[in-house]
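The residues making up each chain are set out below.
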Amino acid sequence: LKPVITEKMTDLSEKLNKYAFVVDQRANKLQIQEAVEKMYSVNVVSVNTMRYGGKPKSRYTKAGLVKGKTASFKKAILTLAEGDKIDFYSNI
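This section reports on the structure supplied with the text.

What counts as what
- Residues numbered from 1 in each chain as written.
- Predicted model: local features only at pLDDT ≥ 70, side-chain atom pairs only at ≥ 80, totals over all residues.
- Heavy atoms only, no water.
- 1 Å grid on protein atoms, 1.4 Å probe; cavity = no way out; pocket = protein on both sides within 12 Å on 5 of 7 lines; lining within 4 Å.
- Points joined across faces, edges and corners; volume = space filled by probe spheres on them.
- Helix = DSSP H or I, 4+ residues; strand = E, 2+ residues; numbered from the N terminus.
- Phe/Tyr/Trp six-rings, centres within 6.5 Å; stacked < 30°, edge-to-face > 60°.
- Buried < 20%, exposed > 50% of the residue type's maximum accessible area, 1.4 Å probe, protein only.
- Core = buried A, V, L, I, M, F, W, Y, C linked by side-chain atoms within 4.5 Å.
- Contact = heavy atoms within 4.5 Å.

**Notes on the layout of surface pockets**
Phase 1: Size it by volume and the largest pocket reaches roughly 220 Å³.
Phase 2: Lining the largest pocket are 13 residues; nearest its centre among them are L1, V23, A35, V36 and M39.
Phase 3: Mapped by element, the contributors of at least two residues to the lining of the largest pocket are β1 (2–3), β2 (18–23) and α2 (29–40).
Phase 4: Take the lining of the largest pocket: its biggest share by element is six residues, from α2.

Rendered as structure tokens:
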């Protein structure tokens, strides 16, 4: 769905050649690997996935206490082959 661009992931991509993406919750590792290889024309060595559950949140407003929850999502961390790179900033 979208790449994760944070300081921690930028550091991992520079040192260990790992990149993170928020992916569809129903996607498995093989589907994620094929999609990234096709989209960015790189070779993916390994895929690690993790699921994040939504957290309950509340805040105080003029109308009183408002309760809700954040969305759940799935994140994939991909290790690329030696020499491959993904440049997220080239389209800016």
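The structure having been displayed, the exposition proceeds.
**What to know about the packing of aromatic side chains**
Phase 1: Applying the stated criterion across every chain yields a total of two aromatic pairs.
Phase 2: Where F21 meets Y40, the ring centres are 5.8 Å apart and the plane angle is 35°; that geometry is what we call tilted. In this pair, F21 is assigned in strand β2 and Y40 in helix α2, connecting sequence segments 19 residues apart.
Phase 3: Summarising the aromatic geometry, the rings of Y52 and F73 are spaced 4.8 Å apart at their centres and angled 20° between planes, so their arrangement reads as stacked. Here Y52, found in strand β3 (residues 44–52), pairs with F73, found in strand β6 (residues 73–80); they are 21 residues apart in sequence, far enough to count as distant.
Phase 4: F73 gets classed as partly exposed once you look at its relative accessible area, which sits at 33%.

**Some thoughts on the nonpolar core**
For soluble globular proteins, nonpolar side chains are generally found buried alongside one another.
Phase 1: Among the nonpolar cores identified, the biggest contains 14 residues, and F21, I32, V36, L78 and I86 are the most heavily contacted of them.
Phase 2: Looking at this core, the elements that each hand over two or more residues are β2, α2, β3 and β6.
Phase 3: Residues in contact with L78, not counting those within four places in the same chain, are N17, K18, Y19, F21, I32, V36, V44, S46 and V47.
Phase 4: V4, A20, V22 and I77 belong to the second largest nonpolar core, which has five residues in total.

**Focus: the environment of V47**
Phase 1: With respect to the helices, strands and loops of the structure, V47 is situated in strand β3.
Phase 2: Counting along the chain gives 31 residues from V47 to L78, while the straight-line C-alpha distance between them is 4.7 Å.
Phase 3: If we skip the residues at most four places from it in the chain, V47 touches K29, I32, Q33, A76, I77 and L78.

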